[in-house]
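Chain by chain, the residues run as shown.
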Amino acid sequence: QVQLAESGGGSVQAGGTLTLSCVASGDVSKLRRVTWFRQAPGKEREGVATIWWLSGRTYYSNFAEGRFFISQDHAESTVSLQMNSLGPEDTGMYYCAAGGVYSTEWSQAGKYNAWGQGTQVTVSS
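What counts as what
- All residue numbers refer to position in the chain's written sequence, counted from 1.
- Local features in a predicted model are, by the rule used here, given only for residues with pLDDT of at least 70; side-chain atom pairs are given and counted only at 80 or more, and totals for whole chains, interfaces and linings are based on all residues.
- Working from all heavy atoms in the structure, the side-chain values ignore hydrogens and water.
- What counts as a helix is a DSSP run of H or I of at least four residues, what counts as a strand is a run of E of at least two, and both are numbered from the N terminus.
- The buried label applies to any residue whose accessible area, calculated with a 1.4 Å probe on protein chains only, is under 20% of its type's maximum; exposed applies above 50%, and partly exposed to all values in between.
- Contacts between residues were defined by any pair of non-hydrogen atoms, one from each residue, lying within 4.5 Å.
- Computed by Shrake-Rupley with a 1.4 Å probe, the accessible areas treat only the displayed protein chains as cover when residues are assessed.
- Just so you know, the count uses Lys and Arg for positive and Asp and Glu for negative, and it drops His and the chain ends.
- In this description, the location of a charge corresponds to atom NZ of lysine, CZ of arginine, CG of aspartate or CD of glutamate.
- In short, DSSP must find at least two bridges between two strands for them to pair.
- A fitted line through C-alpha atoms serves as each axis, taken over the contacting stretch for helices, and the angle formed by two N-to-C directions is quoted from 0 to 180°.
- Each nonpolar core is a collection of buried residues, namely Ala, Val, Leu, Ile, Met, Phe, Trp, Tyr and Cys, held together in the definition by side-chain atoms within 4.5 Å.
- Defined by distance alone, a disulfide is two cysteine sulfur atoms within 2.5 Å.

J.: Which parts of the structure should I look at to understand the overall build of the protein?
T.: Assigned secondary structure in the protein consists of zero helices and eleven strands. Counting from the amino terminus, the protein carries its helices and strands in the arrangement β-β-β-β-β-β-β-β-β-β-β. Seen along its three principal axes, the alpha-carbon backbone of the protein occupies a region of about 40 × 25 × 25 Å. When the 125 residues of the protein are sorted by exposure, 43% land in the buried category. The long-range fraction of contacts in the protein, counting pairs at least 24 apart against all pairs at least 6 apart in sequence, stands at 57%. Looking at the protein as shown, the accessible area adds up to about 6,300 Å², and 46% of this sits on carbon and sulfur atoms. When the 9 basic and 10 acidic side-chain charges of the protein are each reduced to a single mean position, those positions are 6 Å apart.

J.: Please explain the environment of Asn 62 as it appears in this structure.
T.: Looking at the element boundaries, Asn 62 is found in the loop between β6 (58-60) and β7 (68-73). Residues Asn 62 and Ser 80 lie 18 residues apart in sequence; the distance between their C-alpha atoms is 18 Å.

J.: How do you make sense of the sheet that holds strand β3 (residues 18-26) when you look at a structure like this?
T.: Consider a sheet: its strands pair through backbone hydrogen bonds, and that pairing is either parallel or antiparallel. Taken in spatial order, the four strands make up an open sheet running β1-β3-β8-β7, and their pairing is antiparallel. Whereas interior strands pair on both sides, the edge strands pair on one side only; in this sheet they are β1 (2-7) and β7. Neighbour-to-neighbour, the strand axes of the sheet open up by a mean angle of 20°, direction not taken into account. Both β1 and β3 contribute to a ladder of six bridges, which runs antiparallel. Looking at β3, one finds that Gln 3 is bridged to Ser 25.

J.: I would appreciate a short explanation of the nonpolar core in the present structure.
T.: Burial of nonpolar side chains together is a common tendency in soluble globular proteins. Judged by nonpolar contacts, the single largest core of 27 residues is most densely connected at Leu 4, Trp 36, Val 48, Phe 68, Leu 81, Met 83 and Tyr 94. Elements represented by at least two residues in this core include exactly β1, β3, β4 (33-39), β5 (46-52), β7, β8 (78-83), β9 (92-99) and β11 (119-124). The residues contacting Leu 81, other than those within four sequence positions of it, are Leu 18, Thr 19, Leu 20, Trp 36, Val 48, Ala 49, Phe 68, Phe 69, Ile 70 and Tyr 94.

J.: Would you take a moment to explain the state of the cysteines for this structure?
T.: Chemically, a disulfide is nothing more than a covalent bond linking the sulfur atoms of two cysteines. Per the stated rule, a full pass over the model turns up one disulfide. Across a sulfur-sulfur distance of 2.0 Å, Cys 22 and Cys 96 are joined as a disulfide pair. The sign of the S-S torsion, about -75°, decides the handedness of the disulfide formed by Cys 22 and Cys 96: left-handed. Placement of Cys 22 in strand β3 and of Cys 96 in strand β9 is noted, with a sequence separation of 74 residues between them. By the burial criterion, Cys 22 is buried, and Cys 96 matches it.

As C-alpha cells, this is what we get:
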C-alpha cells in the first residue's frame, strides 16, 4: 500500500506562485501514476496534472498547461506541482492521488486507489 501526504498550500495574491508537494510512503515501489486534482466550492473534482512515475511523462489540463509544472524526485518519493500566475479561479482544495491508471484516463478521479488528505489553496484578487 502507498500513503500520500500533501503540503505547501496557503494564501497568495493574484499573480503569485505556490509550490505543492506530495510525499509518498509505504511501498513506493508500487508507484505508477501520480496526479494532482483540485476541487473548488460547488464544483466537481478535476484533474490538474499527472506524471508517470517510471518515465516522468506528464500531461496537463487545459487550464494548467503553460502555467503549472509537475515534477518528481525519486530519492525523496515526492511529486511537486509548481503553480504560477495564480488567479482566484485556482482557489480550492488540492489533492494528490496515485494508482495504475492509463494515460487516457488520468483525469478520472474514480480510477485512483490512494489519496492524500488535501491542502487548501486560496488566491485573493
